[in-house]
Amino acid sequence: MHKDDYAAAVPFYDLWHEDGHVPTVRGLLPPLLTEVRRSVLEIGAGTGLITELIARETPAEIYALEPSLGMRSVLVNRLAADPSTMRRVTVLPYGALDVEVDEPVEAIVMISVLQSFDAEERAALWPVLARQLERGGLLVFNWRERAEPVPGDLEVVGSYQVGRHTYEVAGQVLEAEGERVTSRFVYRIRQHGVVISEDEVVLTNHWPTRERLVSELEAAGFTPDPAPDGMEVWRLP
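Here the structure is a predicted model, which is why all the values come from computation and not from measurement. (Residues numbered from 1 in each chain as written. Predicted model: local features only at pLDDT ≥ 70, side-chain atom pairs only at ≥ 80, totals over all residues. Heavy atoms only, no water.)

Peer 1: Hey, could you run me through the sheet that holds strand β1 (residues 39–43) in this one?
Peer 2: Whenever strands of a sheet pair, they do so through backbone hydrogen bonds, lying parallel or antiparallel. A sheet is described by the order of its strands in space; here seven strands give the open sequence β3-β2-β1-β4-β5-β11-β10, paired in mixed fashion. The open sheet has two edge strands, β3 (89–92) and β10 (223–225), and neither has a second partner. The average undirected angle you get between the axes of adjacent strands in this sheet is 20°. Here three bridges tie β10 to strand β11 (residues 231–235), and the two strands are oriented antiparallel to one another. Pairing of Thr-223 across the sheet is with Arg-235, part of β11. Here helix α4 (residues 69–80) sits on the sheet and contacts β2 (61–65) and β3; the angle it forms with β3, its principal contact strand, is near 170°. (Pairing = 2+ DSSP bridges. Helix = DSSP H or I, 4+ residues; strand = E, 2+ residues; numbered from the N terminus. Axes fitted to C-alpha atoms, helices over the stretch in contact; angles between N-to-C directions. Contact = heavy atoms within 4.5 Å.)

Peer 1: Is there a simple way to explain the packing of aromatic side chains in this structure?
Peer 2: Aromatic ring pairs are described here by two measures, namely the spacing of the ring centres and the angle between the planes. Scanning the entire structure with this criterion turns up five aromatic pairs. Taken together, the ring pairs in this structure connect Phe-12, Tyr-167 and Tyr-187 into an aromatic cluster. The ring centre of Trp-207 lies 3.9 Å from the NZ or CZ of Arg-146, which sits over that ring. (Phe/Tyr/Trp six-rings, centres within 6.5 Å; stacked < 30°, edge-to-face > 60°. Lys NZ or Arg CZ within 6 Å of the ring centre and 35° of its normal.)

Peer 1: I keep staring at helix α6 (residues 119–132) and nothing clicks. Help me out?
Peer 2: Owing to its 3.6 residues per turn, the α-helix aligns residues three or four sequence positions apart on the same side. Along its 14 residues, α6 runs 20 Å from first to last C-alpha, staying within 8% of the 20 Å computed at 1.5 Å per residue. Within the sequence span of α6, burial applies to Arg-122, Leu-125, Trp-126, Val-128, Leu-129, Ala-130 and Gln-132. Elements in contact with the buried residues of α6: β1, β4 (105–110), β5 (133–142), β9 (194–206) and α7 (210–219). The N-capping residue of α6, defined by a side-chain oxygen 3.1 Å from the backbone nitrogen of Glu-120, is Asp-118. (Expected span 1.5 Å × (residues − 1). Buried < 20%, exposed > 50% of the residue type's maximum accessible area, 1.4 Å probe, protein only. Polar contact = N/O pair within 3.5 Å; in protein donor to acceptor, adjacent residues only side chain to side chain.)

Peer 1: Sorry, what's going on with the packing of α6 against α7 here?
Peer 2: In a pair of packed helices, the angle between the axes and the distance between the axes together describe the arrangement. Where α6 contacts α7, the axes come no closer than 9 Å and their chain directions differ by 35°. The way α6 lies across α7 gives a crossing that is right-handed. Note on element contacts: α7 touches α6 through Arg-212, Leu-213, Glu-216 and Leu-217, opposite Ala-119, Arg-122 and Trp-126. Partitioning the contact of α6 with α7 into residue classes produces four nonpolar, no polar and three charged. (Left-handed = near helix turned anticlockwise from the far one by under 90°. Nonpolar A, V, L, I, M, F, W, Y, C, P; charged D, E, K, R; others polar.)

Shown next as structure tokens:
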């Protein structure tokens, strides 16, 4: 998803992700960061759900990278609710391929972001991230093999009551070829069953096999560390 596509998704983002991967990540991520004390770079911070978790579980300074203005606005306002956290989180307003932090960090965290990069972009991404890590530093991201997606009809994938309104997310796979999956999402707000707001986003994600990921990461100089199911942990020797 390109940064301008996020505008439609922003009001639904926390609702849908709290109903999706975020609770699982809250259980899996903290044990992987127990040795991190000084600095973390978070790629694709979104509205700050995982930023908040990292800040709670580590004393580290955090660089939270988020190119979307809408997402970034929610993130900064979330940080403002806790002045002590706000003082140690620097929000970076650009994309992962452009990141250059002041000093190498102990860990890079990337949650539900990798699919946004195609094969060519990933080839550029790994060396960029390696430059941001200190020797022995960790690269942590969530990943699992997916069943081959099948194009189909639009279906509701999330529905949430907010006051008297229902916030509804519907999605469908339009096309799948190799690691490329193009999907359509429709974001609706209903009042008494009547649609009062509707926005549509079509995006292409990229889901390489783990074999492909391993090959790319090893070529960039990373080595694997033990990780729980659903997570990947790689170290820069």
